[in-house]
Amino acid sequence: MKLLNFLRGETFARGIHPPEHKHTAATPIRRLPWADELVVPLAQHIGKPAEAIVRVGQEVVRGQPVAKADGWLSVPHHSPATGVVKAIELRPTARGPWTPSIVIRPHAAATQEDLWGVARDIDAMTPDEILQAVWDAGLVGLGGAAFPTHAKLKVPPQAKVHTLVINGCECEPYLTCDHRTMVEESAALVRGIALSMRATGAVRAIVGIEDNKPDAVAAVKAAIAAAGLENVFAEAVPTKYPQGSEKMLIMSLFGVEIPSGQLPVSLGMVMNNVGTMAAIGKLLPAGQGLTERVVTIAGPGVVRPGDYRVPLGTPISFVLDFAGAPRDATSACQLVLGGPMMGQSVAALDTPVTKGVSGVLVFRREDMAERDDRRTYPCIKCGQCVESCPMGLNPSALGMLAAKREYDEMGAHYHLGECFECGCCTYVCPSNIPLVQQFRVAKQVLRERAASAPAAPAATRS
Ligand code: SF4
Ligand code: SF4
């Protein structure tokens, strides 16, 4: 397969160019101190919640496993601090309802060095040992998806992987945590890539980085050269949203389309985020688990924006205090976890930073006013949503069907299932129609209908 598209300056079809607002891109990562308590939800990943293996009152060490995986699509969690288990109880999380969580009170003078774990000889590890080590480290997709990484790296028996694609696009406005990771942790990133190539059997890897991050491209290329890896490449792709999605980046790099309903593995590829790869490169040699992550704290409402190394479980309220965002955030501001295009609004300030939280963005009411005050108008059939949709859908028609609650029609004839909720259509719509929000509702209704549908009768022989 040739790497043609980006060499010609081409990318995927359609998409948008929102203002970047990446004001924190040149600021080094800083470390956040301990909050008074850290909240480790048992469900902070896609799949089954983990099972707690500590009791209330127990002393724990930073990095010590506090919850074990419950099945293949589940991951363990590790204590983010040396301290005492204060409670195991229901707490609010960004993923939805209150969730069983382990609450840890850190010892104020405790170090943020990981004290748990035994160093390994990574050169001697077999593919299965690497997968097991990734699982034991509690790793999930740090780009926001929070899908268990060991499951993503496990190649199905009938498939063969030749290429590892590493997503360094970070196409969402404001977010710069991946950018800083590529600049500051490029050696760990390249080590993680080499380990993941061995785990999947891939013979080459390519890191796709948007061309608004030339220092990241240079840093990763230098780390690849320093490691002497001839089959690993770092390439700049033209900046465009939503290039960080699997389908779009693979199209930008290789000019091939992942068939509808299939995963990159159907084309012999596996894709991961740069933050996840850097975590593998850091944690596996030390035999440690994931206890912290880099989070972008930014937005017009933040006095000291930047990328912070945050102990997992740190409450958003503490993060906001430290970065100088207003304390009365729920009334004065809108908080978004992740990027502004695909992130999630949160109201509860005691929501903790979990493995999938890449950003905490704060928008003041005055920043939102222009958008909030705009009324929704009827569709004027301008076609801008169609011209922006990277999946080639017709958001205008989907929106009209959604308004009439014709959800089955949306799924059956307008390919609603192909929509990955990037928000491009909503962003460009001059009538301010909340298209992506309507599509989320429609998908949820269809999921619930499918779940409650009676099972088809078993086939009988005549
Ligand atoms: S949200 Fe869905 S319909 Fe809208 S542009 Fe993105 S993929 Fe297309
Ligand atoms: S962008 Fe908005 S107004 Fe224009 S066709 Fe799409 S839904 Fe209609």
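Scope of this entry: the structure provided in the associated data block. Predicted, not measured: the structure shown is a model, and the values here were computed from it.

### Quick notes on unusual backbone geometry
Item 1. Of note, the amide linkage connecting Tyr241 to Pro242 takes the cis form, showing an omega dihedral of 0 degrees.
Item 2. Relative to the assigned elements, Pro242 resides in the loop between β11 (232-237) and α6 (246-254).
Item 3. Unusually for a residue other than glycine, Glu421 sits at a positive phi of about 60 degrees.
Item 4. Considering the arrangement of structural elements, one finds Glu421 in the loop between α13 (407-413) and α14 (424-428).

### A short note on the site of ligand 1
Item 1. Neighbouring ligand 1 are 13 residues, the closest being Cys389, Cys419, Cys422, Gly423 and Cys425.
Item 2. Sorting the residues of the shell around ligand 1 by element identifies α14 and α15 (435-452) as the ones contributing at least two each.
Item 3. Here the residues of the shell around ligand 1 sort into 11 nonpolar, one polar and one charged.

### Focus on α6
Item 1. Buried residues of α6: Met248, Leu249, Ile250, Ser252, Leu253 and Phe254, and no others.
Item 2. Of the surrounding elements, those touching the buried residues of α6 are β9 (163-168), β10 (204-210), β11 and β12 (269-273).
Item 3. One or two steps after α6, the chain reaches Gly255, where phi turns positive at roughly 70 degrees.

### With respect to the side chain of Asn273
Item 1. Within the fold, Asn273 resides in strand β12.
Item 2. At 2.6 Å, the side chain of Asn273 forms a polar contact with the backbone nitrogen of Gly275.
Item 3. Sequence-distant contacts of Asn273, defined by excluding residues within four places in its chain, comprise Leu142, Gly143, Ile166, Asn167 and Asp178.

Parameters at a glance
- Residues numbered from 1 in each chain as written.
- Chains lettered and ligands numbered in written order.
- Predicted model: local features only at pLDDT ≥ 70, side-chain atom pairs only at ≥ 80, totals over all residues.
- Heavy atoms only, no water.
- Helix = DSSP H or I, 4+ residues; strand = E, 2+ residues; numbered from the N terminus.
- Near = heavy atom within 4 Å.
- Nonpolar A, V, L, I, M, F, W, Y, C, P; charged D, E, K, R; others polar.
- Buried < 20%, exposed > 50% of the residue type's maximum accessible area, 1.4 Å probe, protein only.
- Contact = heavy atoms within 4.5 Å.
- Polar contact = N/O pair within 3.5 Å; in protein donor to acceptor, adjacent residues only side chain to side chain.

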